[in-house]
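Structure assessment
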Amino acid sequence: MLTGACSSDYGERMADEDTTTPQPIRRPGFVYALCKALLWPIVWLYFRPRVSGRANVPRTGPVIFASNHLSFIDSIAIPSVAPRRLQFMAKSTYFEGTGIGGAITRWWFTSIGVVPVERGAGAAGQESLEIGTRILESGGAFALYPEGTRSLDGRLYKGRTGVAFLALTTGATVVPVGLLGTDKIQPVGTKFPRPHRFTVAFGEPLDLSVHGNPDSGRARRHATDEIMAAIHSLSGQELANAYNESPQHGVAKLVDRVLPRERR
């Protein structure tokens, strides 16, 4: 699947490590649509969201939603207003809760299209690439936070290049997304959302093919910088000009660890 998209040694390493049949990815279906239909009136009444640029989202074909990340609630805010059924990846720990609360959390995440990454840190990056590629190659919509994890200080951090790798490998269109106000809904350390308006702005689609091949670190870096510039134009955040280094195991950060080194 990914062999040939990267350097040959990377493809061989993947072939050696991936000896099991990939588990099928559950695509969002009836439950997703039902949850969205039930959730939207609550979201509208409780948070009064502002939404712009929905016409920028292609209605068919592979699409990557690349968004800034301010709050846990972001993964609910985007699907609740997006005109596509989209999927996220998240650490498997979100699916491992016990009791009724854990069961409800697992059901909720599965219903809104979240796919767990279940293996250790090194393998999780490779698994993330495989999952993202499979979703996009099937014509699906996939959402990523290029910063790797949410911003704790409200600034926009440098993007990690996994999003560009997926776009350049699959030919998927990238739709930048700017979120504002979600950090006020569920600040760090709080368990329950608070009423506060938020904004979701969908930017114009980006064609990153002009940057070159996905096995070039320079191409991935330039493509990622274009994505982050588009996100910045939508969110208006202060730029951090650094990587967001906490927590240690954000999905985008794990993906960067397994990408091939730069080819000039």
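Within an unreviewed UniProt entry, the label attached to the protein reads 1-acyl-sn-glycerol-3-phosphate acyltransferase, and the organism entered is Orlajensenia leifsoniae.

All told, the structure shown has three salt bridges when counted by the stated rule. In this structure, D183 and K184 form a salt bridge, with 3.4 Å as the shortest nitrogen-oxygen distance. Take K184: its relative accessible area is 45%, and that puts it in the partly exposed class. Measuring nitrogen to oxygen at the nearest pair gives 3.0 Å for the salt bridge that ties R221 to D225. Taken as a pair, R221 and D225 lie in helix α8 (residues 217–235) at a separation of four residues, close to a single helical turn. In this structure D225 comes out as partly exposed when scored by relative accessible area, which is 36%.

Bringing the packing of aromatic side chains into the picture now. Tallied over the full model, the rule gives four aromatic pairs. One aromatic cluster is present, built from ring pairs that chain together Y46, F47 and F198.

Glancing now at the sheet that holds strand β7 (residues 199–202). Across a sheet, strands are paired by hydrogen bonds formed along the backbone, either parallel or antiparallel in direction. Strands sit in the order β1-β7-β6-β2-β5-β3-β4 across an open sheet of seven strands; the sheet is mixed. Since the sheet does not close on itself, it has two edges, and those belong to β1 (50–52) and β4 (114–117), each with one partner. Averaged over all adjacent pairs, the angle separating strand axes in this sheet is 25°, with direction ignored. Pairing analysis gives five bridges linking strand β2 (residues 63–67) to strand β6 (residues 173–180), with the strands arranged parallel. Within β6, the position partnered with F65 by the bridge is V175. Its contacts with the sheet place α8 against β2, β6 and β7, and it is angled at close to 35° to β6.

Tracing the backbone shows P176 in strand β6. Between the alpha carbons of P176 and N56 there is a distance of 9.7 Å; along the sequence they are 120 residues apart. Every residue in contact with P176, bar those within four places of it in the chain, is listed here: A66, A201, F202, G203, E204, L206, A230, I231 and L234.

The rules behind the values
Positions within a chain are numbered from 1, following the residues in the order the chain's sequence is written. In view of the model being predicted, local features appear only for residues whose pLDDT reaches at least 70, and side-chain atom pairs are presented and counted only at 80 or more, with totals across whole chains, interfaces and linings using the full set of residues. In computing side-chain values, all of the structure's heavy atoms are included and hydrogens and water are not. Think of a salt bridge as a Lys or Arg side-chain nitrogen and an Asp or Glu carboxyl oxygen that are within 4 Å of each other. With a 1.4 Å probe rolled over the protein chains alone, any residue whose accessible area is under 20% of its type maximum counts as buried; one over 50% counts as exposed, and the rest are partly exposed. Note on conventions: DSSP H or I runs of at least 4 residues are helices, E runs of at least 2 residues are strands, and numbering of each starts at the N terminus. We call Phe, Tyr and Trp rings a pair once their centres come within 6.5 Å, taking the six-membered ring for Trp, and we label the pair stacked below 30 degrees between planes, edge-to-face above 60, and tilted otherwise. Strands were regarded as paired on the criterion that DSSP finds at least two bridges between them. Here, axes are lines fitted to C-alpha atoms. For helices the fit covers the stretch in contact, and angles between N-to-C directions go from 0 to 180 degrees. Note on contacts: a residue pair qualifies if any of its non-hydrogen atoms lie within 4.5 Å across the two residues.

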